[in-house]
Amino acid sequence: MTTPTTLVDLCQEILLSSGPLKARELAARIRASHRLGGDSNWDLKRDLNRTVLYPHRGSLFQIDSDYRWTVVGRPAHAPRTVPIASPAPTTSLADSGPGRSLYAWQTRALQAWEAAGFRGVFEVTTGAGKTRFALAAMSRVLRRPEGAGARFSIVVPTVVLRDQWRRAIAEDLGVPAGEIAVRDGQERGTFANPRTRFVIWVLNTAARHLCAEHGRFAGRGPLGLIVDECHRAGADKFSAALEAAAEFRMGLSATPERWNDDNLQTRIAPMLGPVVFRYTREEAVRDGVLPPLRALNCGFELDAPEQGKYLVMTREIGLLLNYVRSRYGLTREKRGLLFGKLARIHAESPDPKIARLMGLSDERKSLLADAPNRRASLRELLARLGEHKVIVFHETIAAAIQTHREVGEQGGSAMIYHSAMPDKERCRQLQAFEGVRKGVLCAVQALDLGLDVGSADVGINYCPVSSQVRLVQRYGRVSRKHVDKPCALFFNLYAMHTSEERSVAFRSTLNTPGVLESLTVPCSTALDFRLWSMETSAPAA
């Protein structure tokens, strides 16, 4: 039999030679024979079930009553891949750019990528060095005989990430600027230029043109595809970018699997490969790759008139929820998915009660977000954090602009970053923030993904976030390793005795690896500097 090139091929080869096996037994044999990943926290059995066995059940694999798997066929059109080989591990990029040693996890991840046939998704916590790992992977490919002359497309979701990648390729790999091109709404970089070896695509452009670009140059030399923040590429309007022909394929994300969709299993893994390596925040803190972080949930009271309005709205929302759940058979639907389904129902057949429920929910959310005591609590926190570099995350551009104005009026150093700003101005604001010793960066959701703001050591959520994934991403913005940052702090502001309190309490019970401690306290207590020490606990009540 030929050398296996993907996890599907590995599973088929082992099952054909050994007979029926349970998923656990199959995972053990793959580990023993190919040493995939070397990471004890990687649940290979789970990934085999989710991305190989069950997705191909009936077409390639079948399962019996004892949960043992066997082979029933071969793929009709297997993707082009490169045979597995195992050269000596890379430990630095010194031979292809300015030399800095790789972290141990990056070396293990390189081995996992090669063992998986140069395909796969890497679930790596924010700030641990995903970009540098991908650079090392490209460097290794270019030094292999089958990778000689390879050209790479790197897909990113934002223009700021585009610029970070362009800078990293030039500085870390020592690639001349003329060999790096950009493809977005303004620039039209292409491999048609014989000098171009790397094209950095913004995702919305890649979804429209990347397949055609790679199709024109397929067969003229090896092609590579690196998709940064690959969970974004699984969306309907972007997933075409994943279908581009490439011998070397890689997805990078701290959160490739989302609770509200199955894009990893249905779109990302079939094109880029399954998750072949995981590296958690807990491991990164243990290894000294990231600093420890303490999260404080800081509660403030609503004024009496606001509290009265909130209670009236909440009672009506409860009645409307009971009605629509019963009317449309959604009694078991989770709250996060419920509103999406109701929006689709209302679009097809307008229902005034659904419209009232959605409008009232938005009105209640605005009431909480605009509470004067929230703004007062933020001002007090920022006054106590005058010697720190702080990122304040807002849910609206208007709130970010107000914070930016207030900090400036108090004589502080204030920068702002949001999606309505021109690209160049956003880049200038980030550079200005990196250049100051202390200051405040006022941001909206545009800063959640992948941006390197290494010197920030404090984060503040002006309002609670609706997703644990977004919370983890924001933790990552302030917990990157930096010479002046032994630890990081994060404050979540919330209105006490409201739905926000239930939200932060619930998220505090979830496992957020690498967060030293998550405390829920009143804002007045949160201002106690004893809570800000990584060695102390909350004062006794």
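All values reported here derive from a predicted model rather than from experimental measurement.

We now examine the sheet that holds strand S1 (residues 21–22). The three strands lie next to each other as S1-S3-S2, forming an open sheet whose pairing is antiparallel. Of all strands in the sheet, those bounded by a partner on one side alone are S1 and strand S2 (61–63). With three bridges joining them, S2 and strand S3 (residues 68–71) adopt antiparallel strand pairing. In the sheet register, Phe 61 faces S3, and the bridge partner there is Val 71. With respect to the sheet, helix H1 (residues 7–18) is in contact with S1, S2 and S3, its orientation differing from that of S3 by roughly 100 degrees.

Now for helix H13 (residues 372–384). Between its terminal C-alpha atoms H13 stretches 19 Å, which fits the 18 Å expected from 13 residues at 1.5 Å a residue. Of all the residues in H13, the buried ones are Arg 374, Arg 375, Ser 377, Leu 378, Leu 381 and Leu 382. Down the axis of H13, the buried side of the element spans an arc of 160 degrees, and every buried residue falls inside it.

This paragraph deals with the sheet that holds strand S9 (residues 248–253). Read from one edge of the open sheet, seven strands run S6-S7-S5-S8-S9-S4-S10, paired in parallel fashion. At either end of the open sheet lies a strand with only one pairing partner, and these are strand S6 (180–183) and strand S10 (275–279). Here the strands of the sheet are splayed against their neighbours by 15 degrees on average, with no regard to which way each runs. Relative to S10, strand S4 (residues 121–124) is paired through four bridges, and the arrangement is parallel. Residue pairing for S10: Phe 122 is matched across the bridge by Phe 277. Together, S4, strand S5 (151–156), strand S7 (198–202), strand S8 (223–228) and S9 form the strand contacts of helix H5 (residues 130–143), whose direction differs from that of S9 by roughly 170 degrees.

Now for helix H14 (residues 397–409). Its 13 residues place the ends of H14 18 Å apart at the C-alpha level, agreeing with the 18 Å of an ideal helix rising 1.5 Å per residue. Those residues of H14 hidden inside the fold are in contact with H13, strand S13 (414–417) and strand S14 (439–443). Where H14 ends, the next residue or the one after it, Gly 411, has phi of about 85 degrees, a positive value.

Moving on to the pairing of S4. As defined by bridge partners, S4 adjoins S9 across three bridges and the pair is classed as parallel. Note that in S9 the partner of Val 121 across the bridge is Gly 251.

As a further point, take unusual backbone geometry. Non-glycine residue Glu 229 carries a positive phi angle of around 50 degrees. Residues other than glycine seldom take positive phi values, yet His 497 does so here, at roughly 65 degrees. Inspection of the secondary structure assignment puts His 497 in the loop between strand S16 (488–495) and helix H17 (499–509). With a relative accessible area of 45%, His 497 lands in the partly exposed category.

What follows deals with the confidence of the model for the protein. Atom-level detail of predicted coordinates should not be read off regions where pLDDT is low. Per-residue pLDDT for the protein has a mean of 81; in total, 81% of the residues score no lower than 70. Of the regions scoring below 50 in pLDDT, residues 1–5 engages in 14 contacts with residues more than four places distant in sequence or in other chains. When the criterion is pLDDT under 50, residues 74–99 qualifies, and its contacts beyond four places in sequence or with other chains add up to 72 contacts.

Let us look at the packing of aromatic side chains. By the definition in use, this model includes eleven aromatic pairs. Seen in terms of ring centroids, Trp 105 and Tyr 279 are 5.2 Å apart; in terms of plane orientation they differ by 20 degrees. Their pairing is stacked. Remark: Tyr 279 occurs in strand S10 and Trp 105 occurs in helix H4 (residues 104–115); sequence separation between them is 174 residues. Taken as a pair, Trp 105 and Tyr 279 share a single burial class, namely buried.

To continue, consider the environment of Leu 173. By secondary structure assignment, the location of Leu 173 is in the loop between helix H6 (159–172) and S6. Along the backbone, Leu 173 and Ala 136 are 37 residues apart, and their C-alpha atoms lie at a distance of 8.4 Å.

With that settled, the discussion passes to the nonpolar core. One broad trend across soluble globular proteins is that nonpolar side chains are buried collectively. Core analysis: the biggest nonpolar cluster contains 60 residues, and Phe 122, Trp 165 and Ile 169 have the highest contact counts within it. Broken down by element, this core gets its largest block of residues, seven residues, from H5. Ranked by size, the runner-up nonpolar core spans 46 residues in total, among them Ile 317, Leu 338, Phe 491 and Ala 495.

The rules we used
- Residues numbered from 1 in each chain as written.
- Predicted model: local features only at pLDDT ≥ 70, side-chain atom pairs only at ≥ 80, totals over all residues.
- Heavy atoms only, no water.
- Pairing = 2+ DSSP bridges.
- Helix = DSSP H or I, 4+ residues; strand = E, 2+ residues; numbered from the N terminus.
- Contact = heavy atoms within 4.5 Å.
- Axes fitted to C-alpha atoms, helices over the stretch in contact; angles between N-to-C directions.
- Expected span 1.5 Å × (residues − 1).
- Buried < 20%, exposed > 50% of the residue type's maximum accessible area, 1.4 Å probe, protein only.
- Arc of directions from axis to C-beta.
- pLDDT = per-residue confidence, 0-100.
- Phe/Tyr/Trp six-rings, centres within 6.5 Å; stacked < 30°, edge-to-face > 60°.
- Core = buried A, V, L, I, M, F, W, Y, C linked by side-chain atoms within 4.5 Å.

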